Amino acid sequence: MVATLHIDGAAYSVKEGQNLLQACLSLGFNLPYFCWHPAMHSVGACRQCAVKQFKDEKDTRGKIIMSCMTPATEGMRISIEDPEARAFRAGVIEALMVNHPHDCPVCDEGGECHLQDMTVMTGHVCRRARVRKRTHRNQDMGPFVNHEMNRCIACYRCVRYYRELAGGRDLDVFGWHHHVYFGRQVDGPLESEFSGNLVEVCPTGVFTDKTLKGHYARKWDLQTAPSVCVHCSLGCNTIPGERYGELRRVRNRFNEEVNGYFLCDRGRYGYEYENSDLRLRHPLRLGAEGPRPIPSAEAVSYVAGLLRNGGRVLGIGSPRASLEGNFALRALVGAGRFFIGWPERERALVTTALRLLREGAIRTPCLREVREADAALALGEDVSNTAPMLAFALRQCAMQRKIKVAAAFGIAPWDSDAVRLVGQDEKSPIFIATPCGTRLDDIATRLWRAAPEEIARLGFAVAKALDPDAPEVPDLSDEAKSSARDIAAALREAERPVVVSGTGAGSPAVLEAAGAVAAALRRLGRNVQLSLVLPECNSAGAALLGGGSLAGALSEVRKGQVDTLIILENDLYRRLNAEAADALLAGVKHLMVLDHLANATTARAEVALPCATFAESEGTLVSQEGRAQRFFAVHPARGEVRESWRWLREIGMAAGQSEMAAWQTTDDLIQTLSQEPGLSGVKEAAPGREFRAAGQKIPRQPHRYSGRTAMGADVSVHEPPPPEDRDSPLAFSMEGYQGQPPAALVPRYWAPGWNSDHALNKFQGEVGGAVRGGPAGVRLIEPAADAPARYAAEIPPPFQPAEGQWLVVALHHVFGSEELSAHTPGVAQLAPRPYLGLSPEDAQRCGVGEGDPVELAVGSSVQQLPARIIPGLPRGLLGLPAGLAGVKVVELPAGGRVRSVTGGPP
Amino acid sequence: MFSLFKGLWIVLRHAFVKRVTVEYPEKKPVLPPRCRGRIILSRDPDGGERCVACHLCSAVCPVACIALQAAEDAHGRRYPKFFRINFSRCIFCGLCEEACPTYAIQLTPGVEMGEYKRQHLVYEKEDLLISGVGKYPGYNFYRVAGLQIEGKDKGAAENEQPPVDVRDLMP
Ligand code: SF4
Ligand code: SF4
Ligand code: SF4
Ligand code: SF4
Ligand code: FES
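Note that this is a predicted model, so its numbers are computed, not measured.

Trainee: How should the overall build of chain A be read in this particular structure?
Mentor: Regarding its fold elements, chain A presents 26 helices and 37 strands. In terms of overall dimensions, chain A has C-alpha extents of about 90 × 80 × 60 Å along its principal axes. Here chain A, with 906 residues, has 63% of them falling under the buried criterion. Across chain A, contacts joining residues at least 24 apart in sequence account for 73% of those joining residues at least 6 apart.

Written out as structure tokens, the structure reads:
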């Protein structure tokens, strides 16, 4: 419904019922605000957004109202410019500033501070107060967030965000009147894995990025480019910033269909691996006395020589490398000799997931659709740890019920405090079945903790309860039957249910079960969606590209079919146990590895080539949603570091593969790659290199970028020309189109008068909604509309704990389980130490206490770990942290035995 | 005709007027302190580096000839890890001095900066930092700012109350 709103005498059409603040901002007015946030809506706390409302055209006095708390109605008359309203707003700022410290020059928020922007907007310039300022002590909040409490203006955004949206418990407001204190009860790292968003949510410099503080640069000095997070399969959109050749921070890039306004801490803070000392900077050749740097040309011609002389070559790609890198490797070695570097089980899991999404009739939701869902079932996946922003989305899904309840009372969804009060403890039905407790448990309507097979059986039972045509689950306990009935009843009621699962539990049956529930709901005509978490940032892309697993590669090597093995951005010692990896590598004569960081695999490489990270190269990743998204180089790769595909191209050309010569730019490669079945959308993921906005390139540097003529002057006073970017429509320069480019190319948010990230308002058609021109990325996977919903034939037998035999399952950790982010100091600090998780009953039976050393044997792999007693872990299950440094690699789930090292066999 | 002679007369008269041009470099003129010449970084009255690495001077510099990197000492005091001015680019406009919130960067009457090599016109912090307060005595940013540094606890800045005890319930 459209309403006509008269603002300062001019008529505008706005959405009826929308709050006036949002309406005015959407119309492009500069109206200051603090407590309102597009993702958290209105509480009317700060009184900054005051405007004047008039009864009718004859009313000249009007009254001051809070625009964020007033719905727009037909024929409403308001004034933003009214002198009294202006004075009121200036007065609010002046009052806020009474206690504000004289900190801007040393405040990390300076230059992108919403408080600075709003102060300038209201015109307050001079402190008239003669009182002394109140001060606060700060807290140590861990490696990610810095706390400087003096700067607080008590807008309450931080606690509202942290407690209501992110579900954290350890940040709150203390004290009263003008002493209110926003912090933790005691010092200590913030517990929520979404704590980094406080940095963006807080309109002042109370919460700032602690990693940035270690190598500070102002927003105007950062070279930035649109990028995509590489630390999980969701593909959140990011804006990394660089200065002096070093990555300095990562900020959120708004994509309403993916991460919205927020990021998780792994994505925000995982970037520092790019600056790690482990970075490979030169091609290395392994000699008798260890690896030594060699010139690039020598490395290329050496490897090309191996290929040219009729050498039989094999390529191992990677689910964490871009489509471009994987494709180039496949082109170099030939499709039949290209293997994605994942174990067979992971390949099976990912292909199962992809099959469910591609062949079934069920759509995979984008994260916005998950946020807007009204019921959810999470089967087997600990999303808080494997795909944190999906967990965040599920939290928003839980709130949908409150909004619905409030709507029945005529309360608008943006009236956030009223919604919260009326909604009380109401939450959308969310069912979670996982092997171990999750950090989402507090929003769950019901929880199950069970072995993966049991979880799968529960899923199949739900399908059966929904649809009598679904296969019967044999030997189902009464309890499971009634649980299944409850879940089915709630899902059937829902208008937009989602089923969430993933590869994290390591069980294809769990995926099939999730597919079965979705299929059953679909048969009932429900608008159900199925979201499947994948292991890595480009798992979906790798699967779409096709290629065997490491098992296939190993069998080729065993057959003695391989002289040269080329491994792309893949540490085999994280995929296979050490013996298997040794066996694979020992079977080849020559080993060449391309990677960013030195690892166990590069250490074995005869030739190791340094390749560019996500921040130094352009490429495409396909997220678990099937969304192909392009990341762009934030800064040019230095020295001999190059994009993987460029190395491979050079080697290919030197070895006589002339067709690779056509790949002059990333676009050329993408053009070739888009001819692959299923990948035709890739070239649409972002505008190509020829794109120009108003005839100009998009500058990566803001128009206030400083120090150009001095930053390199210590080396030479003669300034080099800015590096040319022939791959993309972006430029390593401050010259170009500073306006709004298409979403996939937005390098930063800035607008006149809006230096903080709230400048995003000016990029959106309607504030809080889609960016003008639509969201970034292209969905490669859409369901076949007419495909019949089918059920898997196989239902696993029930899990029975056997005496002396355990089922070892993988436990994922948001900090520590992912390979690259684990090289970031802050992430490493928060990662758990290696452990083996036991249920309290099992621990007692084995006579093991917390921290006692235990020996875990899975197949031939034996390792000693300290025991950790995990309440809620089902009996008969052992939890082994996935991907954690210091824990031996075992393919999970698997049967295993445990014995107390001090107390002898149990 | 008349104007011609008038012009000649003026020229002749000027030959006997007192000179304003100075025989530089034999004679050194006294430049007023507000002259915009060689840039220095000053220290606060307590001897600490005044520059807090806020990047305002570098941002305002129209020729972008200031580059610096912020760093922090163990007690939270901000200072520039390096501070570089490329004087071969500087136009001595003085905007950096105007932008500086701490009186750290100042233009001085020093004008003798000629070099045979352009590279020698690149000044690092060691070349810029003097040991005095320069033109502006008395001001110490950290005495006013809310940030805690060594020797200045929270609430100990000018015009500040002692830190709030959050657990106190007194009105
Ligand atoms: S929060 Fe903003 S206004 Fe306050 S000191 Fe920091 S930059 Fe300045
Ligand atoms: S800490 Fe920041 S977000 Fe929280 S109340 Fe203070 S100013 Fe607002
Ligand atoms: S005087 Fe002008 S040109 Fe020179 S450093 Fe300062 S701002 Fe830059
Ligand atoms: S403006 Fe002043 S305090 Fe800020 S960086 Fe420049 S010299 Fe230092
Ligand atoms: S934004 Fe309206 S009262 Fe705070």
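Trainee: Explanation requested: the sheet that holds strand S34 (residues 853-858) of chain A in the structure shown.
Mentor: Hydrogen bonds between backbone atoms are what pair the strands of a sheet, whose relative direction is either parallel or antiparallel. Residue and element names in this part refer to chain A. A barrel is described by the order of its strands in space; here 6 strands give the closed sequence S32-S36-S33-S35-S34-S37, paired in mixed fashion. On average, each strand axis in the sheet is tilted by 45° relative to the strand beside it, whichever way the strands run. Pairing between S34 and strand S37 (residues 894-900): 4 bridges, direction antiparallel. The partner of leucine 856 across the bridge, within S37, is valine 898.

Trainee: Explain the interface of chain B and chain A here, please?
Mentor: Often, the extent of an interface is quoted as the loss of accessible area on bringing the components together. Taken together, the contact pairs 49 residues of chain B with 47 residues of chain A. The interface formed by chain B and chain A holds 6 salt bridges in total. In this structure, Asp714(A) and Arg84(B) form a salt bridge, with 3.1 Å as the shortest nitrogen-oxygen distance. For the pair chain B and chain A, the interface holds 31 residue pairs in polar contact (both at pLDDT 80 or more).

Trainee: What is the right way to look at the site of ligand 3 in this model?
Mentor: The immediate surroundings of ligand 3 are formed by Ile39(B), Cys61(B), Pro62(B), Val63(B), Cys65(B), Ile66(B), Cys90(B), Ile91(B), Phe92(B), Cys93(B), Gly94(B) and Cys96(B). Considered class by class, the residues forming the shell around ligand 3 number 11 nonpolar, 1 polar and no charged.

Trainee: Explain the nonpolar core to me, please; I cannot follow it from the model alone.
Mentor: Note on soluble globular proteins: their nonpolar side chains tend to be buried together. Residue and element names in this part refer to chain A. Ranked by size, the top nonpolar core spans 128 residues in total, and within it Tyr161, Leu171, Phe207, Met389, Leu390 and Leu394 carry the most contacts. Looking at this core, the element that brings in the most residues is helix H13 (residues 388-408), giving 8 residues. Once residues within four sequence positions are removed from consideration, tyrosine 161 is found in contact with Met40, Ala166, Phe194, Asn197, Leu198, Val201, Phe262 and Phe392. Among the nonpolar cores identified, the runner-up in size contains 98 residues, and Val300, Ile362, Ala480 and Leu568 belong to it.

Trainee: Would you mind showing me how to read the site of ligand 2 here?
Mentor: Neighbouring residues of ligand 2: 13 residues in total, closest Cys152(A), Cys155(A), Tyr156(A), Cys158(A) and Cys202(A). Of the residues assigned to the shell around ligand 2, the class counts are 11 nonpolar, 1 polar and 1 charged.

Trainee: Mind showing me how you'd approach a nonpolar patch on the surface here?
Mentor: Among the surface-exposed residues, Met1(B), Leu4(B), Phe5(B) and Leu8(B) lie close enough to one another that they form a single nonpolar patch of about 500 Å² accessible area. Within the element layout of this structure, Phe5(B) appears in helix H1 (residues 2-14).

Trainee: Sorry if this is basic, but what is going on with unusual backbone geometry here?
Mentor: Excluding glycine, most residues fall at negative phi; most peptide bonds, likewise, are trans. Of note, the bond from Leu892(A) into Pro893(A) is cis; its omega dihedral lies within 30 degrees of zero at 0°. If you trace the backbone, Pro893(A) turns up in the loop between strand S36 (877-881) and S37. Pro25(B) follows Tyr24(B) through a cis peptide bond whose omega is 5°. With respect to the secondary-structure elements, Pro25(B) resides in the loop between H1 and strand S1 (39-41). Phi at His41(A) is positive, roughly 65°, even though this residue is not glycine. Mapped onto the elements of the fold, His41(A) is located in the loop between helix H1 (20-26) and strand S3 (50-54). Located in the positive-phi region is His177(A), a residue other than glycine, with phi close to 30°.

Trainee: Please explain the environment of Arg43(B) as it appears in this structure.
Mentor: Residue and element names in this part refer to chain B. Inspection of the secondary structure assignment puts arginine 43 in the loop between S1 and helix H2 (56-60). With a relative accessible area of 25%, arginine 43 lands in the partly exposed category. In the structure, arginine 43 is positioned 87 residues away from isoleucine 130 in sequence and 6.9 Å away in space, judged by C-alpha atoms. Contact partners of arginine 43, with chain neighbours within four places excluded, come to Gly48, Glu49, Arg50, Leu129, Ile130, Ser131, Gly132 and Val133. Among the polar contacts listed, one links the side chain of arginine 43 to the backbone oxygen of isoleucine 130, at a separation of 3.2 Å.

Trainee: Is there a simple way to explain the environment of His41(A) in this structure?
Mentor: Residue and element names in this part refer to chain A. Relative accessible area serves as the criterion here: at 25%, histidine 41 is assigned to the partly exposed category. C-alpha of histidine 41 to C-alpha of tyrosine 791: the two residues are 750 residues apart in sequence and 42 Å apart in space. What histidine 41 contacts, discounting residues up to four positions off in sequence, is Cys35, Trp36, Arg160, Pro413, Trp414 and Ser416.

Trainee: Please clarify how the pairing of strand S15 (residues 284-287) of chain A should be interpreted in this entry.
Mentor: The side chains of a regular strand alternate, residue by residue, between the two faces of the sheet. All names here are of chain A. Bridge count for S15 against strand S16 (residues 290-293) is 4 bridges, and the pairing is antiparallel. In the sheet register, leucine 284 faces S16, and the bridge partner there is proline 293. Here S15 folds back onto S16 in antiparallel fashion, the turn holding 2 residues. For S15 and strand S26 (residues 607-610), the ladder comprises 2 bridges, and the chain directions are antiparallel.

Trainee: How should I be thinking about the packing of aromatic side chains in this particular structure?
Mentor: We describe a pair of aromatic rings using the distance from one ring centre to the other and the angle between the two ring planes. All names here are of chain A. Following the criterion strictly, the structure yields 22 aromatic pairs over all chains and no others. Taken together, a centroid distance of 6.4 Å and an interplanar angle of 55° make the contact between tyrosine 261 and phenylalanine 262 tilted. Judged by its relative accessible area of 5%, phenylalanine 262 is buried. Seen from their ring centres, phenylalanine 431 and tryptophan 448 are 6.2 Å apart, and the 40° between their planes marks the pair as tilted. Placement of the pair is phenylalanine 431 in strand S20 (residues 430-434) and tryptophan 448 in strand S21 (residues 446-449), with a sequence separation of 17 residues.

Trainee: Sorry, what's going on with the packing of helix H2 (residues 83-97) of chain A against helix H3 (residues 114-122) of chain A here?
Mentor: Packed helix pairs are characterised by how far apart their axes lie and by the angle those axes make with each other. Residue and element names in this part refer to chain A. Packing of H2 against H3 leaves a shortest axis separation of 9 Å and a crossing angle of 135°. Classed by the angle they form, the pair H2 and H3 counts as oblique. With respect to the hand of their crossing, H2 and H3 are arranged in left-handed fashion. Residue-level contacts link Arg89, Ala90, Ile93 and Met97 of H2 to Leu115, Met118, Thr119 and Thr122 of H3.

Trainee: Please explain the pairing of strand S32 (residues 806-811) of chain A as it appears in this structure.
Mentor: All names here are of chain A. In terms of burial, S32 is largely enclosed, as 6 of its 6 residues are buried. Side chains of S32 alternate between two faces, with Trp806, Val808 and Ala810 and Leu807, Val809 and Leu811 buried alike. Here S32 pairs with S37 via 3 bridges, running antiparallel. Residue pairing for S37: leucine 807 is matched across the bridge by glycine 895. Of the pairings in the sheet, the one linking S32 to S36 comprises 5 bridges and is parallel in character. Paired with leucine 811 across the strands is proline 881, a residue of S36.

Trainee: Hey, could you run me through helix H23 (residues 644-654) of chain A in this one?
Mentor: Along an α-helix, residues three or four apart share an orientation, since each turn contains 3.6 residues. Residues and elements named next belong to chain A. Within H23, 8 of the 11 residues are buried, leaving the element largely enclosed by the surrounding structure. Turning to H23, its buried residues are Ser644, Trp645, Arg646, Trp647, Leu648, Arg649, Ile651 and Gly652. As for H23, its buried residues are in contact with helix H8 (296-308), helix H9 (323-333), strand S24 (564-568), strand S25 (590-595), S26 and helix H24 (666-673). Positive backbone phi, at 95°, marks glycine 656, one or two positions downstream of H23.

Trainee: What is the right way to read the domain arrangement of chain A from this model?
Mentor: If you check the domain split of chain A, you get domain 1 (2-97), domain 2 (347-534) and domain 3 (806-900). Each of domain 1 of chain A and domain 3 of chain A has a C-alpha centre, and the two are 56 Å apart.

Trainee: What's the story with the pattern of salt bridges in this structure? I'm lost.
Mentor: A side chain of one charge can pair with a side chain of the opposite charge if their charged atoms are brought near each other. Residues and elements named next belong to chain A. Counted under the stated rule, the structure contains 74 salt bridges over all chains. Note that glutamate 344 and arginine 347 form a salt bridge whose closest N and O atoms lie 2.7 Å from each other. Of the two residues, glutamate 344 and arginine 347 are both situated in helix H10 (residues 344-359); the distance of 3 residues between them amounts to about one turn of the helix. Glutamate 344 gets classed as partly exposed once you look at its relative accessible area, which sits at 34%. The structure contains a network of salt bridges with shared partners spanning Glu257, Arg363, Arg368, Glu369, Glu372, Glu625, Arg627, Arg779 and Glu782.

Trainee: Which parts of the structure should I look at to understand H3(A)?
Mentor: All names here are of chain A. What H3 keeps buried is the set His114, Leu115, Asp117, Met118, Thr119 and Thr122. Check the buried side of H3 and you find it contacts H2 and helix H4 (157-165). Note on H3: the residue one or two positions beyond its end, glycine 123, has a positive phi of about 90°.

Trainee: Would you mind going over the packing of H8(A) against H23(A) with me for this structure?
Mentor: Residues and elements named next belong to chain A. Running from N to C, H8 and H23 cross one another at 55°; their axes reach a closest spacing of 8 Å. If you check the angle between H8 and H23, you find them oblique. As for how H8 packs across H23, the hand of that crossing is right-handed. Of H23, the residues touching H8 (which contributes Ser296, Val300, Val303, Ala304, Leu307 and Arg308) are Trp647, Glu650, Ile651 and Ala654.

Rules of the game
Residues numbered from 1 in each chain as written. Chains lettered and ligands numbered in written order. Predicted model: local features only at pLDDT ≥ 70, side-chain atom pairs only at ≥ 80, totals over all residues. Heavy atoms only, no water. Helix = DSSP H or I, 4+ residues; strand = E, 2+ residues; numbered from the N terminus. Buried < 20%, exposed > 50% of the residue type's maximum accessible area, 1.4 Å probe, protein only. Contact = heavy atoms within 4.5 Å. Pairing = 2+ DSSP bridges. Axes fitted to C-alpha atoms, helices over the stretch in contact; angles between N-to-C directions. Salt bridge = Lys/Arg side-chain N within 4 Å of Asp/Glu carboxyl O. Polar contact = N/O pair within 3.5 Å; in protein donor to acceptor, adjacent residues only side chain to side chain. Near = heavy atom within 4 Å. Nonpolar A, V, L, I, M, F, W, Y, C, P; charged D, E, K, R; others polar. Core = buried A, V, L, I, M, F, W, Y, C linked by side-chain atoms within 4.5 Å. Patch = residues over 30% accessible without salt bridge, like charges linked within 9 Å, V, L, I, M, F, W, Y side chains within 5 Å. Areas by Shrake-Rupley, 256 points an atom, 1.4 Å probe, with all protein chains shown as cover. Phe/Tyr/Trp six-rings, centres within 6.5 Å; stacked < 30°, edge-to-face > 60°. Parallel < 35°, antiparallel > 145°, perpendicular 65-115°, else oblique. Left-handed = near helix turned anticlockwise from the far one by under 90°. Domains from an automatic or database assignment.

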